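Inside the fold
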Amino acid sequence: MKLFLTLLLGLLLLSPQAFAQLRVFTCEPEWKSLVEALGGDKVKAFSATTAFQDPHHIEARPSLIAKTRRADLVVCTGAELEIGWLPLLLRQSSNAKVQEGQSGYFLAATQVERIEVPTKTDRSQGDVHASGNPHVFWDPYRLLTIAKALSQRLQTIDDSNSAYYQQQLARFTSTWQSQTKQWESQAASLKGKKAIVYHKNWSYLLQWLKIETMADLEPVPGLPPTSSHLAQLLTKVRNDKPDFILIANYQDDKGAKWLSKKTGIPILRLPFTVGANKQAKDLSLLYSQVLTALLKQH
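Residues numbered from 1 in each chain as written. Predicted model: local features only at pLDDT ≥ 70, side-chain atom pairs only at ≥ 80, totals over all residues. Heavy atoms only, no water.

**Some words on the overall build of the chain**
The condition that has to hold: Secondary structure elements are defined from DSSP: runs of H or I of at least 4 residues count as helices, runs of E of at least 2 residues count as strands, and each element is numbered from the N terminus. Working definition: with a 1.4 Å probe on protein chains only, accessible area under 20% of the residue-type maximum means buried, over 50% means exposed, and in between means partly exposed. Throughout, a contact is declared for two residues whenever any of their heavy atoms are within 4.5 Å. Areas reported here follow the Shrake-Rupley algorithm with a probe of radius 1.4 Å; residue values treat only the protein chains shown as occluding.
Across its full length, the chain carries 10 helices and 8 strands. Seen through its C-alpha atoms, the chain measures out along the principal axes to roughly 85 × 40 × 35 Å. Looking at the chain residue by residue over its 298 residues, the buried ones come to 48%. Within the chain, contacts between residues separated by at least 24 positions form 63% of all contacts whose residues are at least 6 apart in sequence. Total accessible area on the chain stands at roughly 15,100 Å², and carbon and sulfur atoms take up 53% of it.

If you want it as structure tokens, here you go:
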């Protein structure tokens, strides 16, 4: 009994940090999934958005401010994707650890080279991201680069568990590289296919798979399909018919359905991020599901 009480007292005297998990606030589900893969049981991650929301347009709710205030690390996409709400969350949180320039502030898109960087921007171009396309997680090679940078940041913030994070990264890297080779082998027949998209969500995926983007349902980024723009697309695809119309699970399919009905081009409503359906439980399963859908249509 005396030994038991001594051990119990010793546990009670230990610092709370000995049992604490690193609290990570992520802006999107894909980064929550990556943080959990790299951080394992050393982290507790939260996503500010779900797979059924457009991350461009989120309200900086008090509950999100409270989560940001308690965070040890904020992981978001960047490249202006969250420009309408993340700066407000950070400012209102008064959490010095996660402000821009601090080790607790991590933007995934800044870790890699981005595509579709405009040479100039003005209002006539619509909702254009001046820093390039932010949806970088749809390129497996860029994602791995981001994973390595994020693991290093976890090690910096929580150096007492550095060896653990290194092991998690090694495991993730080995599995991800193996899966990437498998995906590329499976998707070889998609090379040269043509797609119509809704917004530039899939640009990195299509570039990786060498699928041509023929047109966008949006007249300009951020503007829903208009009757006149759809009529122009109808004329265009009659002469050069694409293989599919790609839309994300959270997007309105009205314009896509109209064009599909007129032309017979199939619509693929794809899960855009982790959690979009029961099967897309993590990044690996998400990639596999999207590739399977593309190949089935092919």
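**Some thoughts on the nonpolar core**
In plain terms, the rule: Joining through side-chain atoms within 4.5 Å is the link that ties buried Ala, Val, Leu, Ile, Met, Phe, Trp, Tyr and Cys residues into a set, and such a set is a nonpolar core.
In this structure, Trp-31, Leu-34, Trp-138, Trp-202, Leu-209, Leu-246 and Leu-294 are the most contacted members of the largest nonpolar core, which totals 56 residues. By size, the runner-up hydrophobic cluster in this structure holds 17 residues, among which are Ile-58, Ala-60, Ile-65 and Val-74.

**Quick notes on empty space enclosed by the protein**
Worth spelling out the cut-off: Lining residues are defined by having an atom within 4 Å of a point belonging to a cavity or pocket. Those points lie on a 1 Å grid over the protein atoms alone, cavities being sets where a 1.4 Å probe fits but cannot get out and pockets being open sets with protein on both sides within 12 Å along at least five of seven lines. Grid points are joined across faces, edges and corners, and a volume is the space filled by probe spheres set on the points.
The full count for this structure, using the stated rule, is 1 cavity of 30 Å³ or more. In this structure, the largest cavity spans a volume of roughly 80 Å³. As for the largest cavity, its lining consists of 14 residues, and the residues nearest its centre are Glu-30, Gln-53, Pro-55, Phe-272 and Thr-273.

**Section: the state of the cysteines**
Convention followed: In this description, the term disulfide denotes a pair of cysteine sulfurs within 2.5 Å.
Tallied over the full model, the rule gives 1 disulfide. Here Cys-27 connects covalently by a disulfide to Cys-76, the sulfurs 1.9 Å from one another. With the S-S bond torsion at 60°, the cross-link from Cys-27 to Cys-76 turns out right-handed. Here Cys-76 lies in strand β3 (residues 73–76) and Cys-27 lies in the loop between β1 (22–26) and α2 (29–39), a separation of 49 residues in the sequence. The burial state of Cys-27 is the same as that of Cys-76; both residues are buried.

**Looking at the side chain of Thr-77**
Within the fold, Thr-77 resides in the loop between β3 and α4 (86–93). If we skip the residues at most four places from it in the chain, Thr-77 touches Glu-28, Glu-30, Trp-31, Glu-82, Leu-107, Ala-108, Ala-109 and Pro-134.

**Section: a positive patch on the surface**
Applicable threshold: Only residues whose relative accessible area exceeds 30% and that take part in no salt bridge are eligible for patches, with like-charged residues grouped when within 9 Å of each other and nonpolar side chains (Val, Leu, Ile, Met, Phe, Trp, Tyr) grouped when within 5 Å. The working definition used for a salt bridge is a side-chain nitrogen of Lys or Arg within 4 Å of a carboxyl oxygen of Asp or Glu. His is not counted here, nor are the chain ends, while Lys and Arg score as positive and Asp and Glu score as negative. Where a charge sits is defined by one atom per residue type, namely NZ (Lys), CZ (Arg), CG (Asp) or CD (Glu).
Positive charge collects at one region of the surface, where Lys-44, Lys-67, Arg-69 and Arg-70 lie side by side. Looking at the positive patch element by element, the count peaks at 3 residues for helix α3 (residues 62–70). Position of Lys-44 relative to the elements: it lies in strand β2 (residues 43–47).

**Quick word on the sheet that holds strand β6 (residues 212–216)**
What counts here: DSSP calls a pair of strands paired once it identifies at least 2 bridges connecting them. Interaxial angle, 0 to 180 degrees, is taken between N-to-C directions of lines fitted to C-alpha atoms, where a helix line uses only the stretch in contact.
Read across the open sheet, the 4 strands follow the order β6-β5-β7-β8; overall the sheet is parallel. Of all strands in the sheet, those bounded by a partner on one side alone are β6 and β8 (267–270). Averaged over all pairs of adjacent strands, the angle between strand axes in this sheet comes to 30°, irrespective of strand direction. Sheet analysis places strand β5 (residues 194–197) next to β6, joined by 4 bridges and oriented parallel. Considered in β6, the bridge of Ala-195 is made with Thr-213. Its contacts with the sheet place helix α8 (residues 227–239) against β5 and β6, and it is angled at close to 145° to β6. In this fold helix α10 (residues 283–297) packs onto β7 (244–248) and β8, with an angle of close to 170° to the strand it touches most, β8.

**Things to note about the environment of Thr-156**
Inspection of the secondary structure assignment puts Thr-156 in helix α5 (residues 140–157). Sequence separation between Thr-156 and Ser-103 is 53 residues, and the spatial gap between their C-alpha atoms is 7.6 Å.

**Let's talk about the sheet that holds β3**
Spatially, the 4 strands line up as an open sheet ordered β2-β1-β3-β4, and their pairing is parallel. The strands lining the two open edges of the sheet, one partner per strand, are β2 and β4 (105–107). Neighbour-to-neighbour, the strand axes of this sheet turn through a mean angle of 20°, independent of strand direction. Pairing of β1 with β3 involves 3 bridges; the strand directions are parallel. Across the sheet, the residue bridging to Val-24 is Leu-73, located in β3. Sheet strands in contact with α3 are β1, β2 and β3, and its direction is about 140° off that of β1.

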